[in-house]
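Chain and residue survey
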Amino acid sequence: MTDDTPENSKPNDGKRRWKGPNATDAERVREKTFSTKKKIKKGGITKKSSRAWIERQLNDPYVRRAHEAGWRARAAYKLLELDEKFGLLKNTQRVVDLGCAPGSWTQVLMQKYGAHYVVGIDLLPVDPIAGAHLIEGDVNDPEAMAEMMSVLQGKPTLVLSDMAAATTGHKQTDHVRTVQLAEMAVQFAIDNLEVGGNFCTKVFQGGAQGELKALMDANFAEVKYWKPPSSRAGSPEMFAVALGFKQTKKR
Ligand SMILES: C[S@@+](CC[C@H](N)C(=O)[O-])C[C@H]1O[C@@H](n2cnc3c(N)ncnc32)[C@H](O)[C@@H]1O
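- The protein chain is annotated in an unreviewed UniProt entry as Ribosomal RNA large subunit methyltransferase E from Hirschia baltica.
- UniProt's Sequence similarities (unreviewed entry) comment on the protein chain is quoted here verbatim: "Belongs to the class I-like SAM-binding methyltransferase superfamily. RNA methyltransferase RlmE family."

The following block contains the structure:
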């Protein structure tokens, strides 16, 4: 028995307490925000860029809304806005979420849309989300991708990719690496989607996107590019939405 068990819990006196593994997502996020604010106040975070990043997070209305709603990341609103604009999440029968950590898109799919099967994959470990199958692995690893497809038990009806490569600080390198991830996601969608299925991927504005667009144009009924309001104005990120997969070649 640990100090977290109900037997040892003290009456609610309004003080925050660590709830251990039984904490809900919203409780974990609130706890993290509270302890970060405390660290800043005590002068515990000294690096200028870290402080600026944390202060931006704390003042961001989408971060606050995400905390209140229990989403693990503000990214949840990008998916919700993409759905509102394009009807992207019309068929959530079998969904693949590429680059799913920390899990807010999978949460939206499971908790708001009641998706039947969601399989997420990320290089980073992701805390469990009821009903979803989460794989710690690289999308470039054929074994991890094969595991993903076997869990899904059928062609995905929706493929999402919010993948972003870890930034190096060198703009062009970061751009090329993110384009490569988007290309991988498009190819995966074309090779695996159910006819009529939808696809969405994060892309970075500027530069090498012509081939990516041509590939989507040839394989989907409709392709749109859009930057949702919740995507930070200073970020080059936007999203390509491809609706209505066409069976263009024998697979
Ligand atoms: C912006 S985050 C995704 C946020 C997520 N959509 C959410 O709502 O919580 C981008 C993720 O892409 C992942 N990623 C980057 N390269 C990857 C790769 N080769 N394989 C799997 N995941 C990758 C990163 O580890 C990172 O967690």
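1. What to know about the pairing of strand β7 (residues 237–245)
- Taking burial as the measure, the nine residues of β7 include nine buried ones, the bulk of the element.
- Alignment of strand β5 (residues 198–204) against β7, held across six bridges, turns out to be antiparallel. From the neighbouring strand, phenylalanine 199 faces β7, where its bridge partner is alanine 242.
- For strand β6 (residues 220–226) and β7, the ladder comprises six bridges, and the chain directions are antiparallel. Its bridge partner being in β7, phenylalanine 220 is matched across the sheet by phenylalanine 245.

2. Remarks on the site of the ligand
- Around the ligand sit 19 residues, and of these Gly103, Ser104, Asp122, Asp138 and Asp162 come closest.
- Alanine 101 has a polar backbone atom sitting 3.5 Å from an oxygen atom of the ligand.
- Between leucine 123 and the ligand, the recorded distance is 3.4 Å, taken from a backbone N or O atom to a nitrogen atom.
- Coverage of the ligand by the protein amounts to 86% of the 610 Å² it exposes when considered alone.
- Among the residues forming the shell around the ligand, the class breakdown is eleven nonpolar, five polar and three charged.

What counts as what
Residues numbered from 1 in each chain as written. Predicted model: local features only at pLDDT ≥ 70, side-chain atom pairs only at ≥ 80, totals over all residues. Heavy atoms only, no water. UniProt positions renumbered as here; feature names shortened; annotations may be inferred. Buried < 20%, exposed > 50% of the residue type's maximum accessible area, 1.4 Å probe, protein only. Helix = DSSP H or I, 4+ residues; strand = E, 2+ residues; numbered from the N terminus. Pairing = 2+ DSSP bridges. Near = heavy atom within 4 Å. Polar contact = N/O pair within 3.5 Å; in protein donor to acceptor, adjacent residues only side chain to side chain. Areas by Shrake-Rupley, 256 points an atom, 1.4 Å probe, with all protein chains shown as cover. Nonpolar A, V, L, I, M, F, W, Y, C, P; charged D, E, K, R; others polar.

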